[in-house]
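Next come the chains, spelled out residue by residue.
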Amino acid sequence: MRAFMVEKYGDQAGMRAAEQPDPQVGADDVLVKIHAASVNPLDLKLRDGAFKTFLPYRLPLVLGNDLAGVVARVGPAVTRFAVGDEVYARPDKDRIGTFAELIAVHQDDLAAKPATLTMEEAASLPLVALTAWQALVERAHVQPGQKVLIHAGAGGLGSIAVQLAKALGAHVATTVSTAKVDLAKDLGADIVVDYRTQDFEEVLDGYDVVLDSLGGENLTKSLRVLKPGGMAISVAGPPDPAFARELGLNPVLRLAMTALSFKTRRDAKRHGVTYSFLFMKASGDQLRELTPLIDAGKVRPVVDRVFPFDETLQAMEYVEKGRAKAGKVVVSMT
């Protein structure tokens, strides 16, 4: 099969297209013929080696964390899927590789593709939709009437999180650039802060939950718009001790992560709020819970541009240089 792979960490120069053996299919695996995959900032970080300390992949590594496609073969223990089924997934972190023609995915990480979506639309969703679900439902337990701030509400994660928070009954605020104000309103945001002309810290106050995808000063300020007992969840802030425990890291790395997040956790404590780092996990069950919301139109994909599979490297460069206007960038095999 043809695939795009990282041969050495660093930058785009370390990637190339290559012929790879077809994946081996275990007893609980589903072999999927990939029709579309999407590009995430995570792909860029993995390519650059940003996570190699705690995600030690063996190179060469096939990149890609989202897929939609058709079942080509199933292992003998597979009960949920049959050849010909249309599916979508975010493979487990140890089994990524969707920038390829085929991938073997554990049946627990796979779900039937939403019937209302094209392959390209479906491929844009798994990683960001699961991240939004795990932040807002699993971790924050968002309830109707609560106030939720979603940063970068026109981005890949933010555009889905705004819609999910609204579907959960929350009062939703978001931050976007001037050109994306109308899109954020269309996605359901109740308050849209144009970060080019407004400081969200001066506009917003008393929030129950903040979902941060920017980190740095943005995260620091987010702690100050929460009400006492509120929670800031970040996918871009410093990893925390809970994440280190979850990964089962050795004591040295656990200590390092504790140190990395010390200032943020201290600041959160001073404001009477909590800080939580989120690195999403694959889950076919959670995708199945999201699918009815998608098919009902309550959560819809936002796709900026679709590239042909042969231009996967150009798609990654497009994302890396910030050219995407809103939502996700997808590569299509068809």
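Note that the coordinates shown come from a computational prediction; the quantities given were computed from them, not determined experimentally. (Residues numbered from 1 in each chain as written. Predicted model: local features only at pLDDT ≥ 70, side-chain atom pairs only at ≥ 80, totals over all residues. Heavy atoms only, no water.)

A. The arrangement of the environment of His 35 in detail. On the secondary structure map, His 35 appears in strand β3 (residues 29-39). Separated by 52 residues in the primary sequence, His 35 and Val 87 have C-alpha atoms spaced 10.0 Å apart. Ignoring anything within four residues of it in the chain, the contact list for His 35 reads Ala 68, Gly 69, Val 70, Met 119, Val 331, Ser 332, Met 333 and Thr 334. (Helix = DSSP H or I, 4+ residues; strand = E, 2+ residues; numbered from the N terminus. Contact = heavy atoms within 4.5 Å.)

B. Main features of the sheet that holds strand β2 (residues 15-19). Strand order in the open sheet made by the three strands is β2-β1-β4, with antiparallel pairing throughout. For this open sheet the edge positions go to β2 and β4 (61-62), each flanked by a neighbour on one side alone. One ladder, built from two bridges, connects strand β1 (residues 2-6) with β4; its direction is antiparallel. Across the sheet, the residue bridging to Met 5 is Val 62, located in β4. (Pairing = 2+ DSSP bridges.)

C. A look at the sheet that holds strand β10 (residues 171-176). On the basis of which strands lie adjacent, the open sheet formed by six strands has the order β11-β10-β9-β12-β13-β14 and parallel pairing. Both outer strands of the open sheet, β11 (191-194) and β14 (274-277), are each paired with one neighbouring strand and no more. Within the sheet, the average angular offset between the axes of one strand and its neighbour, ignoring direction, is 15°. Its contacts with the sheet put helix α3 (residues 126-139) on β9 (147-150), β12 (207-212), β13 (226-234) and β14, and the angle it makes with β13 is roughly 150°. Strand contacts of helix α7 (residues 216-223): β12, β13 and β14, with the helix running at about 155° to β13, the strand carrying the most contacts. (Axes fitted to C-alpha atoms, helices over the stretch in contact; angles between N-to-C directions.)

D. Molecular detail of the packing of α3 against helix α11 (residues 284-295). Between α3 and α11, the shortest axis-to-axis distance is 10 Å and the interhelical angle comes to 95°. Relative to α11, the element α3 is oriented roughly perpendicular. Facing Pro 126, Ala 129, Leu 130, Trp 133, Gln 134 and Glu 138 of α3, the residues of α11 in contact are Gln 286, Leu 287, Glu 289, Leu 290 and Leu 293. Class assignment for the residues of the contact of α3 with α11 results in seven nonpolar, two polar and two charged. (Parallel < 35°, antiparallel > 145°, perpendicular 65-115°, else oblique. Nonpolar A, V, L, I, M, F, W, Y, C, P; charged D, E, K, R; others polar.)

E. Broad picture of helix α10 (residues 262-270). For α10, the set of buried residues is Thr 264, Asp 267 and Ala 268. Along α10, the residues classed as buried sweep out an arc of 100° about the axis, all on the same side. In α10, the exposed positions angled more than 90 degrees off the buried face are occupied by Lys 269 and Arg 270. For α10, the secondary structure elements touched by its buried residues are α7 and β14. Positive backbone phi, at 75°, marks Gly 272, one or two positions downstream of α10. (Buried < 20%, exposed > 50% of the residue type's maximum accessible area, 1.4 Å probe, protein only. Arc of directions from axis to C-beta.)

F. Just the pattern of salt bridges, in detail. On inspection of all chains with the given rule, the structure shows 21 salt bridges. The residue Asp 199 makes a salt bridge to Lys 221 at a minimum N-O spacing of 2.9 Å. One end of the pair, Asp 199, is in the loop between β11 and α6 (200-203); the other, Lys 221, is in helix α7, with 22 residues separating them in the sequence. Judged by relative accessible area, which is 25%, Asp 199 ranks as partly exposed. A salt bridge links Glu 317 to Lys 321; its shortest N-O distance comes to 3.0 Å. Judged by its relative accessible area of 30%, Glu 317 falls in the partly exposed class. (Salt bridge = Lys/Arg side-chain N within 4 Å of Asp/Glu carboxyl O.)

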